[in-house]
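Take a look at the letters that make up each chain.
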Amino acid sequence: YIYSVMPLRLVLLGAPGSGKGTLTSRLLKQLPSLSSLSTGDILRSEIQKQSDVGKLADTYIRGGKLLPDRFMATLVEKELLDRDLLHKPFLLDGFPRTANQALELETSLKDKPINLVVELDVPADAIVGRITSRWMHSSGRVYNLEYNPPKVPFKDDVTGEPLFQRADDNPETVKKRLLTYYRELEPIKQFYKSRGVYQKVSGKTSDIIFPQLLTIVNNHAD
Ligand code: G5P
Ligand code: MG
């Protein structure tokens, strides 16, 4: 199978609240051999552990600011190696998010570059309300009081543990995160267009986006 010769190395590009985490979960259900890596989830688990990385990340995240490119590139390279992902199909959620990070990632991956980048194009007016009604589990599982409520209110479906809201999910910080995203989008898009791997899916909801995304991923695999 070509799939094993050229495993999927996918980047999901999308604004805060565009559904990266939601669509990742759905993809993993359809494609059990796929592994996912979310930099936001890694940083939040470091914050919870109160590690040095977590202490640094906390100030940036609360301020709605991106951590330094070099720092993030090192963190992701280590994660790819530690989890032995370089020879397996993987998906990146939340990294790279600057052209500089994309370049750093290319260096890390050497002869196994990113072979698919999908931009999730969700209108900004559909996004803002979603984020303030988001609840999370420490595993990264994401819920929404309206769209995807947990079976038991404020409890994780799998573990039954309590859900929490993110420190950066308030309207003021969300505004900053959105501005940063749209500022960085064009250069990173140009980077991946020049590598011939960029595609875009558009829609107001994850239910509209998901089948399009799955088709692109499946076409890539055969
Ligand atoms: P993160 O963690 O990467 P963001 O801001 O990029 O955070 P976020 O907020 O996690 O992205 P998402 O994953 O795209 O959004 O969206 P989601 O969680 O799946 O969906 C949002 C909500 O909408 C959920 O409640 C979901 O249930 C609901 N929803 C989904 N689909 C629908 C729908 O169709 N309809 C409705 N009504 N609801 C829906 O990064 C966080 C911070 O970490 C640092 C930065 O400080 C960053 O701000 N960071 C980095 N810094 C530098 N470089 C990096 N590479 C970094 N990565 C992280
Ligand atoms: Mg997310």
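Computed from a predicted structure; not experimentally measured.

About the criteria used
- Per chain, residues are indexed from 1 in the order of the written sequence.
- By the order in which they are written, chains take letters starting at A while ligands take numbers starting at 1.
- Since the coordinates come from a predicted model, pLDDT governs what is reported: local features require at least 70, and pairs of side-chain atoms require 80 or more to be given and counted, while whole-chain, interface and lining totals use all residues.
- To obtain the side-chain values, all non-hydrogen atoms of the structure were used and water was disregarded.
- We count a stretch as a helix when DSSP gives it H or I for four or more residues in a row; a strand needs E for two or more, and each element gets its number in order from the N terminus.
- In this setup the radius of gyration rests on C-alpha atoms only. A globule is expected at 2.2 Å times the number of residues raised to 0.38.
- For every residue, the accessible area (1.4 Å probe, protein chains only) is compared with the maximum for its type, and the residue is labelled buried under 20%, exposed over 50%, or partly exposed between those bounds.
- When checking whether two residues touch, look at their non-hydrogen atoms; a contact exists if any pair is within 4.5 Å.
- Here Asp and Glu are counted as negative and Lys and Arg as positive; His is not counted, and neither are the chain ends.
- Charge positions are represented by NZ for Lys, CZ for Arg, CG for Asp and CD for Glu.
- Here, nonpolar core refers to any group of buried Ala, Val, Leu, Ile, Met, Phe, Trp, Tyr and Cys residues whose side-chain atoms link them within 4.5 Å.
- One heavy atom within 4 Å of a molecule or strand makes the whole residue count as near it.
- Each polar contact in these results corresponds to two N or O atoms within 3.5 Å; when the atoms are within protein, one needs to be able to donate a hydrogen and the other to accept it, and residues that are neighboring in sequence are counted only if both atoms are side-chain atoms.
- To be clear on the numbers: accessible area is Shrake-Rupley with a 1.4 Å probe, and residue cover counts the displayed protein chains and nothing else.
- Strands are treated as partners if at least two bridges between them are detected by DSSP.
- Only the contacting stretch of a helix is used when fitting its axis, a line to C-alpha atoms as for every element, and angles between N-to-C directions run 0 to 180 degrees.
- Arc definition: directions from the helix axis to the C-beta atoms.
- A residue's pLDDT is the predictor's confidence in that residue, given on a scale from 0 to 100.
- A pairing counts as a salt bridge when a side-chain nitrogen of Lys or Arg comes within 4 Å of a carboxyl oxygen of Asp or Glu.

Points about the overall build of the chain
Phase 1: Scanning the chain for helices and strands turns up 9 helices and 7 strands.
Phase 2: Against the globule reference of 17 Å for 222 residues, the chain gives a C-alpha radius of gyration of 17 Å, in line with a compact fold.
Phase 3: Along the longest, intermediate and shortest principal axes, the C-alpha atoms of the chain span 45 × 35 × 35 Å.
Phase 4: Relative to its 222 residues, the chain shows a buried fraction of 48%.
Phase 5: Residue pairs in contact within the chain that sit at least 24 positions apart in sequence constitute 72% of those at least 6 positions apart.
Phase 6: Taking the 31 positively charged and 27 negatively charged side chains of the chain as two groups, their mean positions are separated by 1 Å.

Here's the deal with the nonpolar core
As a rule of thumb, soluble globular proteins bury nonpolar side chains together.
Phase 1: With 54 residues, the main nonpolar core has Leu-10, Leu-27, Leu-80, Leu-105, Ile-114, Val-118 and Tyr-192 as its most contacted residues.
Phase 2: Broken down by element, this core gets its largest block of residues, 7 residues, from helix α8 (residues 171-194).
Phase 3: Other than its neighbours up to four places away in sequence, Leu-10 contacts Leu-27, Phe-90, Leu-91, Leu-92, Leu-116, Val-118 and Val-217.

So, the site of ligand 1
Phase 1: Near ligand 1 you find 32 residues, and of these Thr-22, Lys-65, Arg-134, Tyr-143 and Ser-206 are the closest.
Phase 2: A distance of 2.9 Å separates an oxygen atom of ligand 1 from a polar side-chain atom of Arg-44.
Phase 3: Between ligand 1 and the protein, one listed contact pairs an oxygen atom with a backbone N or O atom of Tyr-143 at 2.8 Å.
Phase 4: Within the complex, the protein chains bury 95% of what would otherwise be the 1100 Å² of accessible surface of ligand 1.
Phase 5: When residues of the shell around ligand 1 are traced back to their parent elements, those giving at least two are α2 (20-30), α3 (39-49) and β6 (142-144).
Phase 6: Considering each element in turn, the shell around ligand 1 owes the most residues, 4 residues, to α3.

Considering the sheet that holds strand β7 (residues 198-202)
Two strands in a sheet stick together by hydrogen bonds in their backbones, pointing the same way (parallel) or opposite ways (antiparallel).
Phase 1: If you trace the 5 strands from one edge of the open sheet to the other, you get β2-β3-β1-β4-β7, paired in parallel fashion. At either margin of the open sheet sits one strand with a lone partner, and together these are β2 (35-38) and β7. Along the sheet, successive strands turn relative to each other by an average axial angle of 20 degrees, direction set aside.
Phase 2: On top of the sheet, α8 reaches β1 (9-14), β4 (116-121) and β7; it is set at about 150 degrees to β1, its chief contact.

Re α2
Phase 1: Residues of α2 that are buried include every one of Lys-20, Leu-23, Thr-24 and Leu-27, and no others. One side of α2 carries all its buried residues, which in axial view fall inside an arc of 105 degrees.

Re the confidence of the model for the chain
Phase 1: In the predicted model, the chain carries a mean pLDDT of 95, and 97% of its residues have values of at least 70.
Phase 2: pLDDT under 50 marks residues 1-5. Its contacts with residues more than four places away, or in other chains, come to 4 contacts.

Details of the pattern of salt bridges
Phase 1: Counted by the stated rule, this structure contains 18 salt bridges.
Phase 2: Ionic pairing is found between Arg-183 and Glu-184, a salt bridge with its closest N-O pair at 3.0 Å.
Phase 3: Overall, Arg-183 belongs to the exposed group, its relative accessible area being 55%.
Phase 4: Through salt bridges that share partners, Arg-134, Arg-166, Asp-168, Asp-169 and Arg-177 make up one connected network.

Some remarks on the pairing of strand β3 (residues 90-93)
Phase 1: Because side chains alternate across β3, one face comprises the buried residues Phe-90 and Leu-92, and the other comprises Leu-91 and Asp-93, equally buried.
Phase 2: Bridge count for β1 against β3 is 4 bridges, and the pairing is parallel. Each bridged residue has a counterpart across the sheet, and for Leu-10 the counterpart in β3 is Leu-91.
Phase 3: As defined by bridge partners, β2 adjoins β3 across 4 bridges and the pair is classed as parallel. Across the sheet, residue Ser-36 finds its bridge partner in β3, namely Leu-91.

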